[in-house]
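Each chain, written out:
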Amino acid sequence: MSKAPEGPTPGFLVWRLSMKWRVAMDRALGPLGLTHAQYSLLGSLVGMQRAGLRPSQRALADHTGLEALYVSKLARSLESAGLVERSTDPADTRAVQLSLTDEGLAVAARAVGVVRRLIDGLLSPLGGLDGPDTEAFTRTLTALLDVPVPAVADPSTEESS
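The numbering scheme is per chain: residues are counted from 1 as the chain's sequence reads. Local features in this predicted model are restricted to residues whose pLDDT is 70 or higher, and side-chain atom pairs enter the listing and the counts only when it is 80 or higher, whereas totals over whole chains, interfaces and linings include all residues. Side-chain measures here rest on the full set of heavy atoms in the structure, leaving out hydrogens and waters.

Residue types Ala, Val, Leu, Ile, Met, Phe, Trp, Tyr and Cys, when buried and joined through side-chain atoms within 4.5 Å, form a set referred to as a nonpolar core. Burial classes: relative accessible area under 20% of the type maximum marks a residue as buried, over 50% as exposed, and values in between as partly exposed (1.4 Å probe, protein chains only). In terms of nonpolar packing, the biggest core is built from 28 residues, with Leu 34, Leu 42 and Val 84 touching the most fellow members. A run of H or I in DSSP becomes a helix once it reaches four residues, and a run of E becomes a strand once it reaches two; helices and strands are each numbered from the N terminus. For this core, the element with the highest residue contribution is helix H2 (residues 36-50), accounting for seven residues. Any two residues whose heavy atoms approach within 4.5 Å are treated as being in contact. If we skip the residues at most four places from it in the chain, Leu 34 touches Asp 26, Leu 29, Leu 42, Leu 78, Leu 83, Val 107 and Ala 111.

As structure tokens, then:
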């Protein structure tokens, strides 16, 4: 029988940090009419368009880690707001490509500035966005994200201890 850990577990701390940052992002982006999820799409589209890409909703879902159905819903709301254009991919009529409108580019640029200031403050214990410990923190987070999610064991087949 293993001993219960003292204090919060790493998983609990990651969950708490993600919730704290999500709330902070939603509050900071609210005046621009954006949620954190919408910003994730806009910011990703900015980077992809700069690289000369016009991603499909599926490619954007893979890039952001969001479910494809959720990306589709977010893209429709951003299209209704005049920030994103959705069009059929000429190479695959089943796929929908996304691109930013001029207004979408302008809103994304403002949002990037807001988020950069926010993240710099949230990372202040590490010296800010460009702080000495932030690079190591980013490498650690990347390593954790690169670990595949293990298959869930069937609890009915687990032996009792």
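Following the structure, the description resumes.
What follows covers a nonpolar patch on the surface. Patches were defined on residues exceeding 30% relative accessible area and lacking a salt bridge, with like-charge contacts within 9 Å and nonpolar side-chain contacts (Val, Leu, Ile, Met, Phe, Trp, Tyr) within 5 Å. For the area figures, the Shrake-Rupley method with a 1.4 Å probe applies, and any residue is considered shielded solely by the protein chains shown. The working definition used for a salt bridge is a side-chain nitrogen of Lys or Arg within 4 Å of a carboxyl oxygen of Asp or Glu. A cluster of nonpolar side chains, namely Phe 12, Leu 13, Trp 15 and Met 19, defines an oily patch on the protein surface of about 390 Å² accessible area. With respect to the helices and strands, Trp 15 occurs in helix H1 (residues 10-29).

What follows is about the side chain of Ser 72. Of note, Ser 72 is situated in helix H4 (residues 68-80). The buried category is assigned to Ser 72, whose relative accessible area is 11%. Once you skip the residues sitting within four places of it in the chain, Ser 72 turns out to touch Gln 57 and Arg 86.

What follows concerns the pairing of strand E1 (residues 84-89). Strands are treated as partners if at least two bridges between them are detected by DSSP. In this structure, E1 lies alongside strand E2 (residues 92-100), joined through six bridges in antiparallel fashion. Counterpart to Thr 88 in the pairing with E2 is Val 96.

To continue, consider the pattern of salt bridges. A full pass over the atoms with the stated rule returns five salt bridges. A salt bridge links Asp 26 to Arg 22, with the nearest nitrogen and oxygen atoms 3.9 Å apart. Residue Asp 26 and its partner Arg 22 are located together in helix H1, separated by four residues, close to a single helical turn. Residue classification places Asp 26 among the partly exposed residues on the basis of a relative accessible area of 28%. Owing to a relative accessible area of 42%, Arg 22 belongs among the partly exposed residues under this scheme.

This part takes up H2. Here the expected length of a helix is defined as 1.5 Å per residue gap, with one fewer gap than residues. Spanning 15 residues, H2 covers 21 Å between terminal C-alpha atoms, matching the ideal 21 Å at 1.5 Å per step. Taken together, the buried residues of H2 touch H1, helix H3 (57-64), H4, E1, E2 and helix H5 (102-122). Directly beyond the C-terminal end of H2, a positive phi value near 85° is found at Gly 52.

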